[in-house]
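Close look at the chain arrangement
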Protein chains: 2
Amino acid sequence: MKTITKTEREGYTYVEGGVCAARGFTANGLNCGLNPDKKKNDVCLVYSESVCNTAAVYTKNKVKGAPILVTKRHLEKTGGKAKAVIANSKNANTCNADGEEKAERMAELAADVLGIKPEEVVVASTGVIGQILPIEPLETHIKELAAGLSSSGNAKAANAIMTTDTVPKEAAVEFKLGGCICRLGGMAKGSGMIHPNMATTLNFITSDVSISPEMLKKALSSVVKVTYNCLSIDGDTSTNDMVSLMANGLAGNAEITEEGKDYDCFREALYLVMESMTKMLAKDGEGATKLLECSVSSAPDEDTAILVAKSVIRSPLLKCAMFGEDANWGRILCAIGYAEAEFDIGKVDVWLSSAQGTVSVCKNGAGVEFSEEAAAKILSEDEIKIEIALNQGEASGRAWGCDLTYDYVKINGDYRS
Amino acid sequence: MKTITKTEREGYTYVEGGVCAARGFTANGLNCGLNPDKKKNDVCLVYSESVCNTAAVYTKNKVKGAPILVTKRHLEKTGGKAKAVIANSKNANTCNADGEEKAERMAELAADVLGIKPEEVVVASTGVIGQILPIEPLETHIKELAAGLSSSGNAKAANAIMTTDTVPKEAAVEFKLGGCICRLGGMAKGSGMIHPNMATTLNFITSDVSISPEMLKKALSSVVKVTYNCLSIDGDTSTNDMVSLMANGLAGNAEITEEGKDYDCFREALYLVMESMTKMLAKDGEGATKLLECSVSSAPDEDTAILVAKSVIRSPLLKCAMFGEDANWGRILCAIGYAEAEFDIGKVDVWLSSAQGTVSVCKNGAGVEFSEEAAAKILSEDEIKIEIALNQGEASGRAWGCDLTYDYVKINGDYRS
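Residues numbered from 1 in each chain as written. Chains lettered and ligands numbered in written order. Predicted model: local features only at pLDDT ≥ 70, side-chain atom pairs only at ≥ 80, totals over all residues.

Notes on the overall build of chain A
- For chain A, the count of helices and strands is 12 helices and 16 strands.
- In terms of overall dimensions, chain A is globule-like: its C-alpha atoms have a radius of gyration of 22 Å, near the 22 Å expected for 417 residues.
- Residues counted as buried form 62% of the 417 residues belonging to chain A.
- For chain A, the proportion of contacts with a sequence separation of at least 24, taken over those separated by at least 6, is 80%. (Helix = DSSP H or I, 4+ residues; strand = E, 2+ residues; numbered from the N terminus. Rg over C-alpha atoms; globule rule 2.2 N^0.38 Å. Buried ≥ 20, exposed ≤ 12 C-beta atoms within 10 Å, placed from the backbone. Contact = placed C-beta atoms within 7 Å.)

Focus on the packing of helix 9 (residues 316-323) of chain A against helix 12 (residues 406-413) of chain B
- Contact pair helix 9 of chain A / helix 12 of chain B: the axes reach a minimum separation of 7 Å and the direction vectors enclose 70°. By the angle between their directions, the pair helix 9 of chain A and helix 12 of chain B is classed as roughly perpendicular. Across from A:L317, A:C320, A:A321 and A:F323 in helix 9 of chain A, the residues of helix 12 of chain B making contact are B:V409, B:N412 and B:G413.
- For the contact of helix 9 of chain A with helix 12 of chain B, a count of residues per class yields 5 nonpolar, 2 polar and no charged. (Axes fitted to C-alpha atoms, helices over the stretch in contact; angles between N-to-C directions. Parallel < 35°, antiparallel > 145°, perpendicular 65-115°, else oblique. Nonpolar A, V, L, I, M, F, W, Y, C, P; charged D, E, K, R; others polar.)

A short note on the nonpolar core
- A:L45, A:V46, A:V273, B:L45, B:V46 and B:V273 are the most contacted members of the largest nonpolar core, which totals 286 residues.
- With sequence-adjacent residues up to four places away left out, A:L45 is seen in contact with A:A27, A:N28, A:A84, A:I86, A:A110, A:L145, A:A146 and A:L149. (Core = buried A, V, L, I, M, F, W, Y, C linked by C-beta atoms within 7 Å.)

Here we look at the interface of chain A and chain B
- Counting from both sides, the interface comprises 47 residues of chain A and, opposite them, 47 residues of chain B.
- Every element with two or more residues in the side of chain A that touches chain B is listed here: helix 9, helix 10 (330-337), strand 14 (366-367) and helix 12 (406-413) of chain A.
- Taken together, the residues that form the side of chain A that touches chain B break down as 22 nonpolar, 19 polar and 6 charged.

Examining the relation of the copies chain A and chain B
- Expressed as a screw operation, the relation of chain A to chain B combines 0.0 Å of axial shift with a rotation of 180°, fitting to an RMSD of 0.0 Å. Viewed as a symmetry operation, the transformation between the two copies matches a two-fold axis. No C-alpha of chain A lies nearer the rotation axis than that of A:Y406, which sits 2.6 Å from it.
- Here 100% of the interface residues in chain A have copies in chain B that are interface residues too; the copies meet face to matching face. (Least-squares fit on C-alpha atoms with pLDDT ≥ 70 in both.)

Observations regarding the pairing of strand 15 (residues 383-389) of chain B
All names here are of chain B.
- The alternating pattern of strand 15 places I384, I386 and I388 on a buried face and E383, K385, E387 and A389 on a face that is not buried.
- With 7 bridges joining them, strand 11 (residues 291-299) and strand 15 adopt parallel strand pairing. In the sheet register, V296 faces strand 15, and the bridge partner there is I388.
- As paired elements, strand 12 (residues 349-354) and strand 15 share 5 bridges and run antiparallel to each other. Bridge assignment links L352 to a residue of strand 15, and that residue is I386. (Pairing = 2+ DSSP bridges.)

Examining the domain arrangement of chain A
Residues and elements named next belong to chain A.
- Split into domains, chain A comes out as domain 1 (6-283) and domain 2 (291-413).
- When each unit is reduced to the centre of its C-alpha atoms, the spacing between domain 1 and domain 2 is 31 Å.
- Listing elements by their share of the side of domain 1 that touches domain 2, those giving two or more residues are strand 9 (231-232) and helix 7 (261-283).
- The element best represented in the side of domain 1 that touches domain 2 is helix 7, accounting for 4 residues.
- For the side of domain 1 that touches domain 2, the per-class residue count stands at 4 nonpolar, 5 polar and 2 charged. (Domains from an automatic or database assignment.)

Here we look at unusual backbone geometry
All names here are of chain B.
- The backbone of S298 sits at a positive phi, close to 45°, despite the residue not being glycine.
- Mapped onto the secondary structure, S298 falls in strand 11.
- Despite not being glycine, N391 has its phi angle at roughly 55°, a positive value.
- Tracing the sequence through the fold places N391 in the loop between strand 15 and strand 16 (395-402).

Some words on the packing of helix 9 (residues 316-323) of chain B against helix 10 (residues 330-337) of chain B
Residues and elements named next belong to chain B.
- At a minimum axis separation of 9 Å, helix 9 and helix 10 run at an interaxial angle of 155°. Taken together, helix 9 and helix 10 sit at an angle that is classed as roughly antiparallel. Relative to helix 10, helix 9 is oriented so that their crossing is left-handed. In this structure, helix 9 uses L317, L318 and A321 to contact helix 10, whose residues at the interface are R331, I332 and A335.
- In terms of residue class, the contact of helix 9 with helix 10 is made up of 5 nonpolar, no polar and 1 charged. (Left-handed = near helix turned anticlockwise from the far one by under 90°.)

Side note on the confidence of the model for chain A
Residues and elements named next belong to chain A.
- Considering every residue of chain A, the mean pLDDT works out to 90; 94% of them sit at 70 or more.
- Element-level mean pLDDT values for chain A span from 47 in helix 1 (residues 6-9) up to 98 in helix 4 (residues 136-147).
- Predicted confidence for residues 1-8 stays below pLDDT 50, and this span has 8 contacts to residues more than four positions away or in other chains.
- Interface confidence in the predicted complex, given as ipTM, is 0.74; pTM for the same model is 0.78. (pLDDT = per-residue confidence, 0-100.)

What to know about the pairing of strand 2 (residues 25-30) of chain B
All names here are of chain B.
- Burial within strand 2 is extensive, with 6 of its 6 residues counted as buried.
- Residue alternation in strand 2 divides its side chains into two sets, F25, A27 and G29 and T26, N28 and L30, and both sets are buried.
- When strand 2 meets strand 3 (residues 43-58), the two strands line up antiparallel, connected through 6 bridges. Bridging across to strand 3, N28 finds its partner in L45.

Considerations on helix 6 (residues 213-226) of chain B
Residues and elements named next belong to chain B.
- Over its 14 residues, helix 6 extends 21 Å from the first C-alpha to the last, a length consistent with the 20 Å expected when each residue adds 1.5 Å.
- Those residues of helix 6 lying buried are M215, L216, A219, L220, V223, V224 and V226. Along the axis of helix 6, the buried positions cluster into a sector of 165°, meaning they face one direction only.
- Of the surrounding secondary structure, the elements contacted by the buried residues of helix 6 are strand 3, strand 10 (242-247) and helix 7 (261-283). (Expected span 1.5 Å × (residues − 1). Arc of directions from axis to C-beta.)

Some thoughts on the sheet that holds strand 12 of chain B
All names here are of chain B.
- In spatial order, the strands read 9-16-11-15-12-13-14; together these 7 strands make up an open sheet with mixed pairing. Strands at the two margins of the open sheet, each flanked by one partner only, are strand 9 (231-232) and strand 14 (366-367).
- Inspection of the sheet shows strand 12 paired to strand 13 (residues 357-363) by 5 bridges, in the antiparallel sense. Residue pairing in the sheet places W351 in a bridge with S360 of strand 13.
- Taken strand by strand, helix 8 (residues 302-314) contacts strand 9, strand 11, strand 15 and strand 16, and its axis lies near 20° from that of strand 16.

Some points on helix 10 of chain B
All names here are of chain B.
- Burial runs high along helix 10: 8 of the 8 residues are buried.
- Residues G330, R331, I332, L333, C334, A335, I336 and G337 constitute the buried set of helix 10.
- Check the buried side of helix 10 and you find it contacts helix 8, helix 9, strand 12, strand 13 and strand 15.

Thoughts on the sheet that holds strand 15 (residues 383-389) of chain A
- Across the sheet, 7 strands lie side by side as 9-16-11-15-12-13-14 (chain A); this open sheet has mixed pairing. Two strands bound the open sheet, and with one partner strand each, they are strand 9 and strand 14 of chain A.

Examining the environment of A:V63
- By the element assignment, A:V63 lies in the loop between strand 3 (43-58) and helix 2 (66-78).
- Judged by C-beta crowding, with 26 C-beta atoms within 10 Å, A:V63 ranks as buried.
- A C-alpha to C-alpha distance of 8.5 Å links A:V63 and A:N240, two positions 177 residues apart in sequence.
- Residues contacting A:V63, with those up to four places away along its chain left out, are A:T94, A:C95, A:T239, B:L333, B:C334, B:G337 and B:I345.

Considerations on the environment of B:A97
Residue and element names in this part refer to chain B.
- For A97, the position within the fold is in the loop between strand 4 (81-88) and helix 3 (99-114).
- Judged by the 14 C-beta atoms lying within 10 Å of it, A97 falls in the partly exposed class.
- For the pair formed by A97 and A21, sequence separation is 76 residues and the distance between their alpha carbons is 38 Å.

Printed below as a string of structure tokens:
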């Protein structure tokens, strides 16, 4: 993983605006009736006045939501060009016989009202799997949705894609490329069924940078690997996971067409936004009370570091112990031990840390004496770090997740009702 | 998987006696003080008057409990011969600097009091990881433990290996080989940290059949694959998993030295006992209210069938839905879809069933209309079957697990205290 040092972050400023932070992007969200709670938006539109180079990554689940199949087809048809996103919550439009037809219809509705081609529309849905998507509410409200598009509509859109999320997730940064002020921002949803494989949940990222489709794709794949793909709420890889990244070039920079300083700068902005949203997703995991971050250092290679970090973050036993604020480090060792990677467990050191300090709990694969009192204090915080040194290499990696609580069981015991 | 038809089970009778069911085996268990609850046994001894051919499989976790390392060394030294098992609960003797020394000491204590060699002793521990095992309680009580060995001591021994288990697990069968009456029985423990990989939890199986070390090993490996290795409580593969199988030959049958009718008959007995204990383990999973069985049929091969069944059984979202008695079949499809195997998801059919009947919920990978009322009735039972037809081959496989409940979180929020 590319280490992000403080110095490298210089030149980036976090800004408001989410998907509307970048020039030329407008958004809107409203309740069209899919969600009986009228205060909760259930459909959104994101629109760029200029055509965007667009890259996307999708779930590796064999069961793919119909919107995934349709979006993939659209981007193939246009060679990675798009002007709009339409997305709904409350219904995943997955495992339905008429799924693709309905997803195409959503694209048509957006295209008609915006005066663009249906294949220039990215389509996404999230919610219950296997229930027929009613299209009428969307047909009825599409004009109102488009009429309300505004450069400050990002919050309404972010609200529309929330399901069991308790908070909206938005992030954006401003930076410079060759004297031009650039912005990159996004919104995400996701709370359960999160164990991404190539992508996660729904994530829409927009930028005004000018960058070629190839370099856009490259940046997205490389950053997904060390952000969303290092996130696990419950080990369930969703059927509808998608990240789309649209860049309309309105910042006026010289187009990025190869690796180099400008590419690195853009990739860094993308990393900062996606890392922020990854942490937001982890912290808002279903029923979560704590954000867990596991960092693995001195690993033989990056893949091993990430595999070990994800194995720890995924362990239900560790997640319960963190909920109980119990420094049961044996469970950390256990989860390190069953990670599917090759390394010598006898060299491993482990620390627990938070704003309250750091405590060493394991040295060379064996327990060390530590103050239970100090450990309990550390674990009482709502952001916990599990730091692991494999002591057999130079590579590092991180993963994010949350604790496993009564509320996770409650939320998922009867999700459909 | 070898399908077990009713006819094939003829000739087998379930009997009492657990590890003492077979001739020549005695057992005992008592509280030596590791567990402050004096009513709960915490150490046990199993002894065979004749030397046993002994096979064992161990956890694949890189973190291996010291007793695993010591047992492995012993069986290598003796060429797979043993006469006794000593096992304790409350402390896993894992990740301790003096772990192997203590595990060897346990073997010595048992060997001294029984007048056998230390390497003829199988050693096992279960409980908290990373706390020093106090050896004094074992030294103080070893004579009393040996003095109490009896052919009806199986229940005391089974009690001694329980941790968060709410019920002891024992099973035994009687059958005939060439006119000789044979028995095979065992005991198991395990409730959490269960997602076996080559073995699970602690399992001790004894038999009076005469069988060569090679065939014993072969039978154990093949049956573990379709029983314990198809069990998942929480996806955590323990550091101390072990199954040992001891056969002392006292039944007087002609030694089994090759595949054939006698081997099949022995393997079947082993299958019946291990399948019974696998279900007991699943049903008594930490906090569980329901036993879940997932059977996959018409798969391209057995490995695919088992991978799909285990993927479904492991899904936290499905486990919560089963706890909530919610027929959220989309989660079943989702878990089938992320199983790491190659097949066409578009041909898959799914049914939910229990003693209350069967309901079809998915056909050709898409939802079908079904009565929610009938489904709710089916899911109200405490043994639920999820039946999956892949419709692309002849192979089948099963996996077992349980629901995910508030009590799982409660039990594991503070396991150490």
